[in-house]
Amino acid sequence: MGPQIRAVVAPISGPTTIQVAEGEGSRPVAVRGLRQRLCAVALAAIVPLCLLLFWELMVRWTGTRLIPLPGDVAKMMWDFAFGGIYNDAYSATLPIHFWKSVQRVYGGFFLAAATAIPLGLMIGRMPLLRAMLDPTISLLRPIPVTAWLPLSMIFFGLGPKSAIFLVFLGAFYPILLNTIFGVKSIDVRLFEAAEMLGCSGSQLFRSVVLPAALPSIFNGLRLGAGFAWILIVVGEMTGVPEGLGAVIMDGRTLSRTDLVITGMIIIGITGFLSDRILLLLSNYFLRWSPQHHA
Amino acid sequence: MLEAPTNGRAATPPLLRVTDVHKMFTASNGTVEALRGINITIGKGEFVCLLGASGCGKSTLLRIIAGFERASRGAVAVYGTEVDRPGPDRGMVFQDYALFPWLTVKENIIFGPCHRGVPTSDIAKLSERFLSMVGLTPFANRYPHQLSGGMKQRVAIARVLANDTDILLMDEPFGALDALTRSKLQEELIDIWQSTKLTVIFVTHSVEEAVLLADRVLVMTAGPGRIDCQIKIDLSRPRDVSSPEFNVLRRDVTRRLTSHIARDRRVGATADS
């Protein structure tokens with residue numbers, strides 16, 4: 001964009017001046033992009049900073065011992081990650097707990113995706129399968145994952161398998177239901193076009209059903225991944241010694257609220273990052289879709 | 001491309017024959033007779049238009065020929081062999097394009113050949129040939145949502161042609177386009193038809209379009225849907241919309257078409273929509 005010409009029209013009696021002003025195009029694109037991103041970050045940071053301030057003020061004002069100050073939580077987080085401040089059982093143990101939780105969350109999540117997506121594709125397309133499975137699935141759905149905890153411990157004993165099962169349950173339903181929805185909303189014309197072009201039977205699944213349902217499937221995956229992180233705390237109540245959920249539960253037992261809040265923050269950040277990764281993947285696979293860019 | 005079967009003693013069967021086709025639709029509130037007693041014979045290389053108002057069953061008839069619907073009675077035969085399901089020999093171009101949004105223009109065009117096991121070396125040649133036939137070579141790697149309506153319809157035509165079709169079935173293909181794009185595509189369609197010598201069955205509600213494009217116009221009426229009459233269009237191509245001969249034919253066709261609507265109104269019958 002070159003320089004912009006603006007006409008400034010003064011009242012009738014005066015002269016008409018034409019100014020040539022330098023428009024936006026004079027600054028290089030890279031600088032503009034950086035500024036926009038900094039603005040976005042600054043806007044996003046306003047609310048968290050206000051909340052931190054509110055937290056600090058409320059704790060100091062009420063003098064409560066139950067909730068630590070933001071500064072104390074920050075110290076705990078540092079110690080949790082790198083050690084050197086408290087040198088207790090939790091110092092520098094973040095990597096282990098983090099890794100264990102990540103294993104379980106993604107284990108359960110991938111298991112859920114690997115079962116829910118093919119099942120959803122088939123249920124969406126085959127009325128017979130739907131008639132057989134839909135009532136059972138709908139009956140099991142309202143049962144909260146927490147209610148499965150005792151049974152899960154009976155099936156899988158104490159330990160990580162139990163946790164993975166609960167995460168699996170939590171991620172399974174969003175992925176399944178979104179996949180079925182995705183399949184059922186495929187325009188019938190696409191199937192007609194595919195059959196007319198010579199693609200039939202099982203070829204249809206790979207060539208039409210899966211790509212057409214992919215936007216809904218990705219929605220389901222993002223929801224499922226979110227639930228997986230939410231449920232890791234429940235999942236790790238099954239008696240596992242390590243993991244972010246276990247740390248939170250320990251913190252509760254030991255009345256170490258700073259530990260609890262540390263665990264919460266780390267789960268929040270990790271869940272956020274994992275959602276962003278999923279978003280990047282979906283932007284790549286759905287680059288053909290005009291509505292799917294975040 | 002299918003070859004007309006030659007069995008020596010008998011005459012070669014026509015490319016398409018529709019014999020006594022009837023179609024009833026049953027809904028919860030009764031049955032609708034969409035088509036009654038349709039008999040059509042179409043030879044290779046003809047350009048036939050099915051012309052009629054909305055609700056006369058022309059799209060239903062086209063879909064039965066394409067194999068997306070089953071006739072309640074009667075049969076459709078291609079070179080004497082009965083057909084009742086979709087296939088590459090009858091390629092359909094839809095009014096709403098029905099392109100695969102997750103595939104690029106080029107991938108849409110080669111969808112048919114890829115799924116029928118055409119070797120990859122031939123596929124590359126096919127894609128180049130049909131991309132240039134519809135003038136979309138610079139857009140080969142675009143996605144459908146990046147194309148205009150006219151371009152999308154060109155892709156739809158190209159993918160059917162690339163699939164070695166015998167009969168091009170077109171269901172009001174230019175209905176969703178603006179007038180300028182429509183006339184451009186009509187010209188391009190005639191060019192393609194003349195160079196590939198395909199058979200075309202074109203459904204439309206526009207008398208002008210029918211007279212402009214077709215060798216033969218089959219006028220259809222509603223209540224129930226049937227073929228009322230057939231009018232041969234003997235003008236040489238390229239046809240001039242403003243010429244007197246064109247307009248004589250156009251008036252003639254319009255008269256035949258609207259006389260039924262007037263008669264139906266007088267008799268008091270309501271055309272099903």
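Overview of the structure. Note that the coordinates shown come from a computational prediction; the quantities given were computed from them, not determined experimentally.

Description of the packing of aromatic side chains
For any pair of aromatic rings, the description rests on two quantities: the centre-to-centre distance and the angle between the ring planes.
Step number 1: Tallied over the entire structure, the rule returns 19 aromatic pairs over all chains.
Step number 2: Ring geometry for Trp148 of chain A and Phe165 of chain A: centres 6.2 Å apart, planes at 80°, overall edge-to-face. Of the two residues, Trp148 of chain A sits in the loop between helix 4 (127-140) and helix 5 (149-156) while Phe165 of chain A sits in helix 6 (residues 160-184), which places them 17 residues apart along the sequence.
Step number 3: Residue Trp148 of chain A is classed as buried on the basis of its relative accessible area of 17%.
Step number 4: In this structure Phe165 of chain A comes out as buried when scored by relative accessible area, which is 17%.
Step number 5: For the pair Phe174 of chain B and Phe202 of chain B, a centre-to-centre distance of 5.8 Å together with 55° between the ring planes defines the contact as tilted. Placement of the pair is Phe174 of chain B in the loop between strand 7 (167-171) and helix 6 (179-196) and Phe202 of chain B in strand 8 (residues 199-204), with a sequence separation of 28 residues. Of the two residues, Phe174 of chain B and Phe202 of chain B, both sit in the buried class.
Step number 6: Site record: aromatic cluster; members linked through ring pairs are Tyr106, Phe109, Phe110 and Trp229 of chain A.

Overview of the pattern of salt bridges
Step number 1: Overall, the coordinates contain 21 salt bridges over all chains when judged by the stated rule.
Step number 2: With its nearest N and O atoms 3.2 Å apart, the salt bridge here joins Arg70 of chain B to Asp84 of chain B. Pair noted here: Arg70 of chain B is in the loop between helix 1 (58-66) and strand 4 (73-78) and Asp84 of chain B is in the loop between strand 5 (81-82) and strand 6 (90-93), with a separation of 14 residues, a long-range link.
Step number 3: Judged by its relative accessible area of 39%, Asp84 of chain B falls in the partly exposed class.
Step number 4: Close ionic contact of Lys184 of chain B with Glu188 of chain B constitutes a salt bridge, the shortest N to O distance being 2.7 Å. You can see Lys184 of chain B and its partner Glu188 of chain B sitting in helix 6, 4 residues apart, about one turn around the helix.
Step number 5: The structure contains a network of salt bridges with shared partners spanning Arg189 and Glu192 of chain A together with Arg63, Glu69 and Asp96 of chain B.

Quick look at the packing of helix 3 (residues 94-125) of chain A against helix 8 (residues 203-235) of chain A
Residue and element names in this part refer to chain A.
Step number 1: One can describe the packing of helix 3 onto helix 8 by two numbers: an axis separation of 9 Å at closest approach and a directional angle of 145°. In this structure, helix 3 crosses over helix 8, and the sense of that crossing is right-handed. Every residue of helix 8 that contacts helix 3 at Ser101, Val102, Arg104, Val105, Tyr106, Phe109, Ala113, Ile117, Leu121, Met122 and Arg125 is listed here: Leu204, Phe205, Val209, Leu210, Ala213, Ile217, Leu221, Gly224, Ala225, Ala228, Trp229 and Ile232.
Step number 2: Class assignment of the residues belonging to the contact of helix 3 with helix 8 gives a composition of 19 nonpolar, 2 polar and 2 charged.

So, the sheet that holds strand 10 (residues 226-232) of chain B
All names here are of chain B.
Step number 1: One open sheet accounts for 6 strands, arranged 6-7-8-3-9-10; its pairing is mixed. Looking at the sheet topology across the chains shown, the edges are occupied by strand 6 and strand 10. Looking at each pair of strands side by side, their axes are set apart by 20° on average, direction ignored.
Step number 2: Where strand 6 lies against strand 7, 4 bridges are found, and the strand directions are parallel. Looking across to strand 7, one finds that Gly91 is bridged to Leu168.
Step number 3: Helix-sheet contacts for helix 5 (residues 149-162) involve strand 6 and strand 7, and the interaxial angle to strand 6 is about 175°.
Step number 4: Strands strand 3 (47-51), strand 7 and strand 8 of the sheet are contacted by helix 6, whose axis makes an angle of about 140° with strand 3.

How each quantity is defined
- Residues numbered from 1 in each chain as written.
- Chains lettered and ligands numbered in written order.
- Predicted model: local features only at pLDDT ≥ 70, side-chain atom pairs only at ≥ 80, totals over all residues.
- Heavy atoms only, no water.
- Phe/Tyr/Trp six-rings, centres within 6.5 Å; stacked < 30°, edge-to-face > 60°.
- Helix = DSSP H or I, 4+ residues; strand = E, 2+ residues; numbered from the N terminus.
- Buried < 20%, exposed > 50% of the residue type's maximum accessible area, 1.4 Å probe, protein only.
- Salt bridge = Lys/Arg side-chain N within 4 Å of Asp/Glu carboxyl O.
- Axes fitted to C-alpha atoms, helices over the stretch in contact; angles between N-to-C directions.
- Left-handed = near helix turned anticlockwise from the far one by under 90°.
- Contact = heavy atoms within 4.5 Å.
- Nonpolar A, V, L, I, M, F, W, Y, C, P; charged D, E, K, R; others polar.
- Pairing = 2+ DSSP bridges.

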